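Structural overview
The primary structure of each chain is shown beneath.
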Amino acid sequence: MLTYNERIELREKLINGEISLEFAKEQYWKNYKEGQRSWHTQDWKERRAKILKEKCEICDSTDTLTIQHLSHPKKYADYEREITRNYTQIFKETNSDIDKSEFKKHILKKYNYNAVPLCPNCGDNRLNKRVRKLPKYRCAVCRNEFDEPNYKSLEELITIFYTDEEALDVRDKCFVSKDKWKNNHNLSNIKYWFQREKAKTKDEELIGKEAFLLYLDDDIKYLSFEDTITACRRCASNYDLKSMELCPKCKEHYKGIQYPTCIQCLPEDKRKAALEMIEFGKEWKAMHKQLGID
């Protein structure tokens, strides 16, 4: 695992074009082991010792002090998705026209088309399929009764889509991906993923480099202890595991980080309402557990 300074050096070399993206990634994840954490390294411990204060900055306790990060880095995959979305939007704006035959080939390769049954009279897809009564179908719109519905061919559906992407006929998610996920899509979904694939292929190196540099920036900021405070075990645990911090008003009870004070410091009417809501939540949770739906 690279030290803090080695990561900074790696980032600078990548920015300046001294090393390739592939080499930078290889060096960064070289000898990486599952479960390995930065705070287990000697580099972390040595730098941590220099900034650790003598008492908790939240409650003034001196019991088992640690460095508490107030923000955490995102995963590389999150940055890659974010940057890919940006490049996809640019690609869509500059390549709005997609060859119809190419789009059709893409659909046939990636998806199975399950045609939606339509009313032969009005063409609507809101059909009631009857089990005992004949004719088999009844249209919920025009009340037409029939045994054999109509279906639009893939070619017809694509033609409608190229004429009007917002048409009702092309909104149905009648395409099932051929991958292991078997997700349902409509033509608008397919077009987006098609353009995303094109953008990613076209700008793969740029996307990867931009995402990796953002990831490195985030990672280096985390290792720098920039956005941190010294906290005791109790305060650090409440912050990390429960998203709670010590109430600034009473300095005794903990509160959700999104609230200005703890429940005990609220005015009487608001405190009563909050406690009633908590009690209701406990009762609701207990009922769910009893019914086996928790």
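Provided above is the structure to which this section pertains.
So, how was this worked out
- Residues numbered from 1 in each chain as written.
- Predicted model: local features only at pLDDT ≥ 70, side-chain atom pairs only at ≥ 80, totals over all residues.
- Heavy atoms only, no water.
- Pairing = 2+ DSSP bridges.
- Helix = DSSP H or I, 4+ residues; strand = E, 2+ residues; numbered from the N terminus.
- Contact = heavy atoms within 4.5 Å.
- Axes fitted to C-alpha atoms, helices over the stretch in contact; angles between N-to-C directions.
- Patch = residues over 30% accessible without salt bridge, like charges linked within 9 Å, V, L, I, M, F, W, Y side chains within 5 Å.
- Areas by Shrake-Rupley, 256 points an atom, 1.4 Å probe, with all protein chains shown as cover.
- Salt bridge = Lys/Arg side-chain N within 4 Å of Asp/Glu carboxyl O.
- Lys, Arg positive; Asp, Glu negative; His and termini not counted.
- Charge placed at Lys NZ, Arg CZ, Asp CG, Glu CD.
- Buried < 20%, exposed > 50% of the residue type's maximum accessible area, 1.4 Å probe, protein only.
- Core = buried A, V, L, I, M, F, W, Y, C linked by side-chain atoms within 4.5 Å.

Overview of the sheet that holds strand β7 (residues 184–185)
Overall, antiparallel pairing links the three strands, which are arranged β2-β6-β7 in an open sheet. Among the strands making up the open sheet, the edge pair consists of β2 (111–113) and β7. Both β2 and strand β6 (residues 175–177) contribute to a ladder of three bridges, which runs antiparallel. In the sheet register, Tyr113 faces β6, and the bridge partner there is Phe175. Along the sheet, helix α5 (residues 100–110) makes contact with β2 and β6, crossing β2 at roughly 95°.

Quick notes on a nonpolar patch on the surface
On the surface, Phe280, Trp284, Met287, Leu291 and Ile293 cluster together into a nonpolar patch covering about 550 Å² of accessible area. One can find Met287 in helix α10 (residues 268–291).

Brief notes about a negative patch on the surface
On the surface, a cluster of negative charge is made up of Glu22, Glu26, Glu204 and Glu205. Following the sequence through the fold, Glu205 ends up in helix α8 (residues 204–223).

Topic: the pattern of salt bridges
Opposite charge on two side chains permits pairing when their charged atoms draw close. Under the defined criterion, the tally for this structure stands at 21 salt bridges. For Glu82, the salt bridge is made with Lys74, and the minimal N-O distance between the two is 3.0 Å. The salt bridge involving Lys152 is made with Asp169; its shortest N-O contact spans 3.3 Å. A residue pair is termed long-range when its members are at least 10 positions apart, and Lys152 in the loop between β5 (145–146) and α6 (154–163) and Asp169 in the loop between α6 and β6 qualify at 17 residues. The class for Asp169 is partly exposed, based on a relative accessible area of 34%. Three or more residues joined by partner-sharing salt bridges are found here, namely Arg11, Glu12 and Asp217.

Remarks on the nonpolar core
Among the nonpolar cores identified, the biggest contains 16 residues, and Leu14, Ala24, Tyr28, Phe212 and Tyr215 are the most heavily contacted of them. Those elements giving two or more residues to this core turn out to be α1 (4–15), α2 (21–28), α4 (76–94) and α8. In terms of residue count, the dominant contributor to this core is α8 (six residues). Apart from the residues lying within four places of it in its own chain, the contact partners of Tyr28 are Leu2, Arg7, Leu10, Phe212, Tyr215, Leu216 and Asp219. Grouped together as the second largest cluster of nonpolar side chains are 15 residues, Ile98, Ala167, Leu187 and Ile190 included.

What to know about the pairing of strand β8 (residues 228–232)
Moving residue by residue along a regular strand, the side chains alternate between the two faces of the sheet. Within β8, five of the five residues are buried, leaving the element largely enclosed by the surrounding structure. Of the two faces of β8, both are covered, the one formed by Thr228, Thr230 and Cys232 as well as the one formed by Ile229 and Ala231. Sheet analysis places strand β1 (residues 65–69) next to β8, joined by five bridges and oriented antiparallel. Residue pairing in the sheet places Leu65 in a bridge with Cys232 of β8.

Quick word on the side chain of Asp219
The topology assignment puts Asp219 in helix α8. The contact partners of Asp219, leaving out residues within four places of it in the chain, are Arg7, Tyr28 and Pro73.

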